[in-house]
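# Structural features, examined
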Amino acid sequence: MKHPLFIWAGFCLAMALPAFADEVWQGSSVITFSGTSTLHDWEGKVSAKPFETRVSEDASGKPTRIQAEVVVDATQMDTAEPKRDENIRKAMKVTDYPLIRGSINAPVNAVAADGVTPTKLPLKLTLLGKTQNVEGTVTNWKRTNDKASFDLDFELSMKESGISVPSVLFFIRVGDAVKVHATVTLLQK
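About the thresholds
- Residues numbered from 1 in each chain as written.
- Predicted model: local features only at pLDDT ≥ 70, side-chain atom pairs only at ≥ 80, totals over all residues.
- Heavy atoms only, no water.
- Salt bridge = Lys/Arg side-chain N within 4 Å of Asp/Glu carboxyl O.
- Helix = DSSP H or I, 4+ residues; strand = E, 2+ residues; numbered from the N terminus.
- Buried < 20%, exposed > 50% of the residue type's maximum accessible area, 1.4 Å probe, protein only.
- Core = buried A, V, L, I, M, F, W, Y, C linked by side-chain atoms within 4.5 Å.
- Contact = heavy atoms within 4.5 Å.
- Pairing = 2+ DSSP bridges.
- Polar contact = N/O pair within 3.5 Å; in protein donor to acceptor, adjacent residues only side chain to side chain.

## Regarding the pattern of salt bridges
Scanning the model with the defined rule gives five salt bridges in all. Here Glu86 makes a salt bridge to Lys83, at a shortest N to O gap of 3.7 Å. Within this pair, Glu86 and its partner Lys83 are both found in helix H2 (residues 82–91), separated by three residues, close to a single helical turn. Of the residues examined, Glu86 reaches a relative accessible area of 35% and is grouped as partly exposed. The partly exposed category is assigned to Lys83, whose relative accessible area is 48%. Sharing partners across several salt bridges, the network here consists of Lys83, Glu86 and Lys90.

In structure tokens form, the structure reads like this:
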């Protein structure tokens, strides 16, 4: 049996040390996407549904892990061209797979303190019911008190994602690569 003095000392030490719990931040994101075709380049945008981000920090307050799930309603993707939007929705089978999910559960080892140096962030993206690993690049990281913001960029292959876009008039073809750019804002709850 432990001596009562050791138990008391352990209790006092535990009470003196601050408890570090995950912080919950409310997130929002505006996402733009762009691609090419033999006729012209195209682009569009969509907003993510509001989401929560859990940020684990070490004793010094430095983020160590980030966890979030971001959901996008694919039916809301807008290229400002109704016929193109209709074709995108068909190609992405939005009646069967209306939601796109991006999931982050990663250590944050090197969020650049200068806010300029790019940081790699692994993501799991679920599109058309299939999950794939994607590596995003975080830039423009800024944090002031209870607000953080950053940009996240990655590229997708339509073929690897299962998106099949038919050619138009047998000669206008859409390029395989889609560039995705997300502007993310996090507010501490």
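Now, onward.
## Focus on the nonpolar core
Counting residues in each nonpolar core, the largest one holds 40 residues, and the members touching the most others are Met77, Met92, Ile100 and Phe154. Those residues in contact with Ile100 that lie beyond four places of it in its chain are Val70, Val71, Val72, Ala74, Met77, Met92, Leu125, Thr126 and Leu127.

## Overview of the pairing of strand E8 (residues 147–157)
As paired strands, strand E7 (residues 130–144) and E8 are joined by six bridges and run antiparallel to one another. Each bridged residue has a counterpart across the sheet, and for Lys142 the counterpart in E8 is Ser149. Counting the residues in the hairpin turn of E7 and E8 gives two residues, including Asn145, whose phi is positive at 50°. The pairing of E8 with strand E9 (residues 177–188) spans 11 bridges and is classified as antiparallel. The partner of Phe154 across the bridge, within E9, is Val180.

## Describing the side chain of Ser157
Inspection of the secondary structure puts Ser157 in strand E8. Among the polar contacts made by the side chain of Ser157, one reaches the side chain of Asp176 at a distance of 2.7 Å.

## A look at unusual backbone geometry
In this model, Ala80 sits at a positive phi of 65°, which is unusual for a non-glycine residue. By secondary structure assignment, the location of Ala80 is in the loop between strand E4 (63–73) and H2. What makes Ala80 exposed here is its relative accessible area of 67%. The backbone phi angle of Asn145 is positive, close to 50°, even though this residue is not glycine.

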